[in-house]
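Analysis of the macromolecular model
Spelled out from the first residue to the last, the chains are:
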Amino acid sequence: DLLMSHPSGMRLISVLRHPGAIWASQIRIGWRFKRDDRTWIRDICEQTLLANRALRKRSENERERVLFVYFEDFLRATEETIEKLLRFAGLSVRQTEVADIYRLVREINGHPNKGRTTPKKTSALLSAWKKELTAEQHALMEAECEEACAFLGYTCGAGRRVDGS
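These lines cover the structure that appears in this document, whether it is placed above or below. Quick caveat, the model's predicted, so the values are computed rather than measured.

1. With respect to the pairing of strand β1 (residues 12-16)
Side-chain direction in a regular strand flips from residue to residue, so the side chains alternate between the two faces of the sheet. Burial of the side chains of β1 is restricted to one face: Leu12, Ser14 and Leu16 are buried, whereas none of Ile13 and Val15 on the reverse face is. With 5 bridges joining them, β1 and strand β2 (residues 66-70) adopt parallel strand pairing. Residue pairing across strands places Ser14 opposite Phe68, the latter belonging to β2.

What follows is the structure, encoded as structure tokens:
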């Protein structure tokens, strides 16, 4: 509440990501914090719900200060997503800056720094997390995260947004 009532008119950007993808990333970097898998994925889903429910419950005036962006959009439509974020933040959208941010996002997400990637490569990057989780972890995620996935607009088992993307 303090953040939203700040007199500066601060704006917030919430990046939405499939809970299974978050979990796979945390596994990859060894971010376990001495907990079993069920507790781990439950924590991810509960925190995701808590943060995003709070932001979505704001008044109409405050909602204009919050932008929800899907992580996948950074890979599928990188330049457009960057421009959207810059405009929302009230920053200039100079093409040289967009191009620099574009290269940075692509490097961070494993894209080669040469031109555009193909839809096939982007799809492979977006679904890579599914191969990193074991069958048991997938089952736990589906059991523990159905509500969080639905709230975020994802289908839990498939890892796709409800709109098919």
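2. Thoughts on a nonpolar patch on the surface
On the surface, Ile29, Trp31 and Phe33 cluster together into a nonpolar patch covering about 370 Å² of accessible area. Mapped onto the elements, Trp31 comes out in the loop between α1 (19-29) and α2 (37-56).

3. Notes on the state of the cysteines
Simply put, the disulfide is a covalent bond whose two ends are the sulfur atoms of two cysteines. Per the counting criterion, the structure on display carries 1 disulfide. Each disulfide pairs two cysteine sulfurs, and for Cys45 the partner residue is Cys145, the sulfurs being separated by 1.8 Å. Handedness of the Cys45-Cys145 disulfide follows from its S-S torsion of about 90°: it is right-handed. Note that Cys45 is positioned in helix α2 and Cys145 in helix α8 (residues 135-152), a separation of 100 residues in sequence. For Cys45, a relative accessible area of 3% corresponds to the buried category.

4. Details of the pattern of salt bridges
The final tally for this structure, using the stated rule, is 5 salt bridges. The partner of Asp43 in a salt bridge is Arg35, and the shortest N-O contact between them spans 2.9 Å. Look at Asp43 and you get partly exposed, because its relative accessible area is 27%. For Arg35, a relative accessible area of 18% puts it in the buried group. Between Glu147 and Arg53 there is a salt bridge, with its nearest N and O atoms 2.3 Å apart. Within this pair, whereas Glu147 is found in helix α8, its partner Arg53 is found in helix α2, the two being separated by 94 residues in sequence. A relative accessible area of 31% means that Arg53 is categorised as partly exposed. Connected through salt bridges with shared partners, the residues Arg38, Arg42 and Glu144 form a single ionic network.

5. Structural notes on the nonpolar core
In terms of nonpolar packing, the biggest core is built from 20 residues, with Trp23, Ile41, Trp129, Met141 and Cys145 touching the most fellow members. Of all elements in the fold, only α1, α2 and α8 reach the threshold of two or more residues within this core. Ranked by the residues each element gives to this core, the list is headed by α8, at 6 residues. Once residues lying within four places of it in the same chain are set aside, the contact partners of Cys145 are Pro19, Ile41, Cys45 and Cys156. Formed by 5 residues, the second largest nonpolar core is a distinct cluster that contains Leu67, Phe74, Leu85 and Phe88.

The rules we used
Residues numbered from 1 in each chain as written. Predicted model: local features only at pLDDT ≥ 70, side-chain atom pairs only at ≥ 80, totals over all residues. Heavy atoms only, no water. Buried < 20%, exposed > 50% of the residue type's maximum accessible area, 1.4 Å probe, protein only. Helix = DSSP H or I, 4+ residues; strand = E, 2+ residues; numbered from the N terminus. Pairing = 2+ DSSP bridges. Patch = residues over 30% accessible without salt bridge, like charges linked within 9 Å, V, L, I, M, F, W, Y side chains within 5 Å. Areas by Shrake-Rupley, 256 points an atom, 1.4 Å probe, with all protein chains shown as cover. Salt bridge = Lys/Arg side-chain N within 4 Å of Asp/Glu carboxyl O. Disulfide = S-S within 2.5 Å. Core = buried A, V, L, I, M, F, W, Y, C linked by side-chain atoms within 4.5 Å. Contact = heavy atoms within 4.5 Å.

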